[in-house]
Amino acid sequence: MSMLQTQAGTAVELRDVVREYGSRQARVRALDGVGIGFARGTWTAVMGPSGSGKSTLLHCAAGLERPTSGQVLLGDRDLATASERDLTELRRRDIGFVFQSFNLVSSLTAEQNVALPLRLAGSKVSMKDVRAILTGVGLGDRLRHRPRELSGGQQQRVAIARAMITRPAVLFADEPTGALDSAAARTVLGLLRSMVDEAQQTIVMVTHDPAAAASADSVVFLRDGRIVDRLVRPSVREVADRLAALEA
Ligand SMILES: Nc1ncnc2c1ncn2[C@@H]1O[C@H](COP(=O)(O)OP(=O)(O)OP(=O)(O)O)[C@@H](O)[C@H]1O
């Protein structure tokens, strides 16, 4: 097997990823040699103090940004060196993204928003599949509603349905519960959990919220662009304590 291939059972793997911003005088090393594999069918939360490199890690892993050096392997492809064209295709086909701010198209209905990635990819759109996935996230009675007619939690569930319609190898989530009240956050976290347990989805999620992080299977902690710790199935308390120690 080629070296440029994730290990069996790994959805995405970062190898010695460095990401620097700025030029000589004002160089910032946002990621300083990160190596981590995200196993298929697992949910990993990424935490750390402000500026520790969480968003940069997520963006590099999702092919939204290129590392300065190192490899980002998705199957047998290296996102660090893939052509722009291949990256665009990979992001469309193999990667799902959910943001804190939902990023729905305001003029489109829930159904149309969910169908959008298929239309953009030029795939055949099955409205039956679109409705099934919206029903799966509990919005079977909101198909024709536009984003402003939905609550924040409902909008985020549309965004998750939209990310899942292409059955991506990995779902990346950047503070998916950051704009939600605790009840809506719990619903969204429950939905992510069922995707991992029932559909073997792989999820990588950046969060500041220890309760959200403790919903994942494991939590990795960044400081100064390096992974400094990993907790498996921690309690909310353990996550909060570890984070507080890193922020001290
Ligand atoms: N486009 C950019 N240009 C220059 N520096 C950047 C850029 N993006 C990020 N950085 C710097 O890289 C470091 C890591 O930023 P990053 O956004 O990944 O951190 P974070 O852990 O997600 O922070 P937060 O929790 O505050 O969102 C920071 O020092 C930041 O200032």
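Read on for an overview of the structure. Being a predicted model, the structure only gives us computed values, none of them experimental.

1. Considering the site of the ligand
Move 1: In the vicinity of the ligand, the contacting residues are Tyr-21, Gly-22, Val-28, Ala-30, Gly-48, Ser-50, Gly-51, Ser-52, Gly-53, Lys-54, Ser-55 and Thr-56.
Move 2: Where the shell around the ligand is concerned, the elements lending two or more residues are strand S2 (28–39) and helix H1 (54–61).
Move 3: No other element matches H1, which puts 3 residues into the shell around the ligand.

2. Quick word on the sheet that holds strand S3 (residues 43–47)
Move 1: The 6 strands are arranged S6-S7-S8-S3-S9-S10 in an open sheet whose pairing can be described as mixed. Every other strand in the sheet has two partners, leaving strand S6 (95–99) and strand S10 (226–232) as the edge strands with one partner each. Shown here is a sheet whose adjacent strand axes are inclined to one another by a mean of 20°, direction ignored.
Move 2: Pairing of S3 with strand S8 (residues 202–206) involves 4 bridges; the strand directions are parallel. From the neighbouring strand, Thr-44 faces S8, where its bridge partner is Val-204.

3. Some remarks on H1
Move 1: Most of H1 is tucked away, with 7 of its 8 residues classed as buried.
Move 2: Just downstream of H1 lies Gly-63, where phi reads positive at about 75°.

4. A closer look at the pairing of S2
Move 1: Pairing of strand S1 (residues 10–21) with S2, which is carried by 9 bridges, proceeds in the antiparallel orientation. Counterpart to Thr-10 in the pairing with S2 is Ala-39.
Move 2: The hairpin formed by S1 and S2 contains 6 residues between the paired strands, and Gly-22 there has a positive phi angle of roughly 80°.

5. Regarding the environment of Leu-73
Move 1: Within the element layout of this structure, Leu-73 appears in strand S4 (residues 69–74).
Move 2: With residues near it in sequence (within four places) discarded, Leu-73 still touches Leu-4, Gln-5, Thr-6, Val-12, Glu-13, Arg-15 and Asp-78.

What counts, and where the lines are drawn
- Residues numbered from 1 in each chain as written.
- Predicted model: local features only at pLDDT ≥ 70, side-chain atom pairs only at ≥ 80, totals over all residues.
- Near = placed C-beta within 6 Å.
- Helix = DSSP H or I, 4+ residues; strand = E, 2+ residues; numbered from the N terminus.
- Pairing = 2+ DSSP bridges.
- Axes fitted to C-alpha atoms, helices over the stretch in contact; angles between N-to-C directions.
- Buried ≥ 20, exposed ≤ 12 C-beta atoms within 10 Å, placed from the backbone.
- Contact = placed C-beta atoms within 7 Å.

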